[in-house]
Amino acid sequence: MSAELALRGLVLGRGEVAVLAGVDLTVAPGEVVALVGPSGCGKSTLLDVAAGLVPPDAGEVRLDGGPAPDRPGRLALMPQGDSLLPWRTLADNVAVGARLAGVPDAAARAREAVTRYGLAGFEDHYPHALSGGMRQRAALARTALAGRPVWLLDEPFGALDALTRAELHAEVADVWARLRPTVLLVTHDPDEAAVLADRVLVSGPRPMGRLVEVAVPEARPRTPAARAAVREHVMDALRAQHAVGRTA
Amino acid sequence: MSRAWRRLALPVLPLGGLLAWQAVIWLERPRDWLLPSPGAVWWAAWDHRDRLWFHARATLTETLVGLGIALAAGLVLAAGIAASRALEAAVYPWVVASQAVPILSLAPVMAVWLDYTLTQIIVAALLCVFPVIVTAVDGLRGGDATLARTVRTLGASRGWTWWHVTVPAALPSLFSGLKLAAVFAVTGAVVAEYVGADRGLGYLTEISTAQFETALAMAAIAVLGLIGVLLFLLVALAERLALPHRHRATRPTWSTHT
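Residues numbered from 1 in each chain as written. Chains lettered and ligands numbered in written order. Predicted model: local features only at pLDDT ≥ 70, side-chain atom pairs only at ≥ 80, totals over all residues.

## Topic: the overall build of chain A
Inference 1: Within chain A one finds 7 helices and 10 strands.
Inference 2: Compactness check: chain A gives a C-alpha radius of gyration of 18 Å against a globular reference of 18 Å for 248 residues, within 12% of the reference.
Inference 3: Taken along the three principal axes of its C-alpha coordinates, chain A extends 55 × 40 × 30 Å.
Inference 4: Per-residue burial for chain A yields a buried fraction of 48% across its 248 residues.
Inference 5: Looking at chain A alone, contacts between residues at least 24 apart form 73% of all its contacts between residues at least 6 apart. (Helix = DSSP H or I, 4+ residues; strand = E, 2+ residues; numbered from the N terminus. Rg over C-alpha atoms; globule rule 2.2 N^0.38 Å. Buried ≥ 20, exposed ≤ 12 C-beta atoms within 10 Å, placed from the backbone. Contact = placed C-beta atoms within 7 Å.)

## Quick notes on the confidence of the model for chain B
Inference 1: For chain B, the average pLDDT comes to 89, and 98% of its residues sit at 70 or higher.
Inference 2: The least confident element of chain B is helix α1 (residues 3–9) of chain B, whose mean pLDDT is 80; the most confident is helix α4 (residues 49–83) of chain B, at 94. (pLDDT = per-residue confidence, 0-100.)

## Things to note about the sheet that holds strand β9 (residues 199–202) of chain A
All names here are of chain A.
Inference 1: With mixed pairing, 6 strands are arranged side by side in an open sheet as β6-β7-β8-β3-β9-β10. Of all strands in the sheet, those with a lone pairing partner are β6 (75–78) and β10 (212–214), marking the two edges. Strand after strand, the sheet turns through a mean of 20° between neighbouring axes, direction not considered.
Inference 2: One ladder, built from 4 bridges, connects β6 with strand β7 (residues 150–154); its direction is parallel. Residue methionine 78 lies in a different strand from β7, and its bridge partner there is leucine 153. (Pairing = 2+ DSSP bridges. Axes fitted to C-alpha atoms, helices over the stretch in contact; angles between N-to-C directions.)

## Some details on the interface of chain A and chain B
Inference 1: Listed as interface residues are 25 residues of chain A and, on the opposing side, 18 residues of chain B.
Inference 2: Those elements that provide at least two residues to the side of chain A that touches chain B are β6 and α2 (90–100) of chain A.
Inference 3: Here the side of chain A that touches chain B takes 4 residues from α2 of chain A, the largest share from any one element.
Inference 4: Residue composition of the side of chain A that touches chain B, by class: 16 nonpolar, 7 polar and 2 charged. (Nonpolar A, V, L, I, M, F, W, Y, C, P; charged D, E, K, R; others polar.)

## Some remarks on the nonpolar core
Inference 1: Ala50, Val94, Leu152 and Val200 of chain A together with Cys128 and Ala185 of chain B are the most contacted members of the largest nonpolar core, which has 138 residues in total.
Inference 2: Each of domain 1 (5–74 + 149–247) and domain 2 (85–147) of chain A gives at least three residues to this core. (Core = buried A, V, L, I, M, F, W, Y, C linked by C-beta atoms within 7 Å. Domains from an automatic or database assignment.)

## Topic: the environment of alanine 70 of chain B
All names here are of chain B.
Inference 1: Checked against the element boundaries, alanine 70 lands in helix α4.
Inference 2: Sequence separation between alanine 70 and isoleucine 122 is 52 residues; the distance between their C-alpha atoms is 8.9 Å.
Inference 3: In this view, alanine 70 contacts Ala125, Cys128, Val129, Val132 and Ala181; residues no more than four positions away in its chain are not counted.

## Details of the sheet that holds strand β5 (residues 66–67) of chain A
All names here are of chain A.
Inference 1: Read from one edge of the open sheet, 4 strands run β2-β1-β4-β5, paired in antiparallel fashion. Across the chains shown, the open sheet's two edge strands, defined by having one partner strand only, are β2 (17–27) and β5.
Inference 2: In this structure, strand β4 (residues 58–63) lies alongside β5, joined through 2 bridges in antiparallel fashion. When the sheet's bridge partners are listed, arginine 62 is paired in β5 with proline 67.
Inference 3: On the sheet, helix α1 (residues 43–50) packs against β1 (5–14), β2 and β4 and is oriented at approximately 60° with respect to β2.

Structure below.
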């Protein structure tokens, strides 16, 4: 289950403010691309446009070379922070994506997934009774169960403590190895990009325009030394972009 | 404060009030029609229990029908206002402006046009529709945009998203409005009875005081208070049933929500 995701010349303004100023980006089938940029650079907006939630002023989103349907639904979004429905139990939340996708016996498969993602025994708990890590695990299970070929991740692990984040990084890498989705991950954390991504792109401050690809040694999973190298490259690129933003 | 202490705290105020009331009776010995004793009110309620029940039924009917109409009309209006900027611009300012007219002052005019019961129902409805509309609009508008965004990308239609995300997110706010509305509805029905009625607890209060049966009037007022509290508790119970996640860690067995 993979597809090629291509963003072509995306332009978007919000009132007087330009948010996207011609963004081009391609993610090959089954590839994980991280987009690193400072806060407020338009990362979340880019994902909204890619997901079909916001129509761009110019440019287009293409899936496997064809135009993406203008209705959301083929690309699954895993947003920042809490995205579980507070009034549904954990199992019901995990089932939402599968149920909407028309998967038969979604409820039973959701209960299986709850166990597989290490949440057994908490099926009937409401989200507020679970830790932040467990909630993000459930969000991950829900996204996986929805069976979308393209995943868009918006700083999904930003609000977690370091240990929980490391556990979830390992978990999400496993899930991707199994399901091979095409992934576009936006983050402001260079370490997260170094751990999870095949390729890393860096954006300057708003408006988001040309993206700079940084050199990434080794394939995943990387050694600590390789991760440190990626992190340095990302920081260098961010500094350079920031300088360009200030002189422009 | 521990649970047991809080339980003990609950009857302190009413018991203190009753004691002060009885103290005034003992010390001042006022005439019965001026200030009857708590015991006299109790016995008036017991002796006239059939009359009280008859009038309570009338007031309760007006209150509940008025509340029902306000709820139905208020929710439809609120859904429209929350969904459409055009409707909001056309309607919402007038909903707010209508509250500048004291609703109770409309009662005599309505009594000219309509029959008594209908007047009481409409006054009750007008008085309690405002909190329903305001809290429903705020609730429907105030939902977390991230939740809606996420389920939309999981393939939810706009309708599914509205019903399964926007509406549940609005319920806590709406229930606050409903609690206000339940209490306002009783007030509306009773005040409209003063204007013209041949039954109802407001009517009973009025004719009893006119005939110096103060004890019966006070008994009628006590029943009104009871009705108000009962309606409030009913809304609170409905809230607990509709929003189990606000009170518990796991899904209760009686919930069928999927």
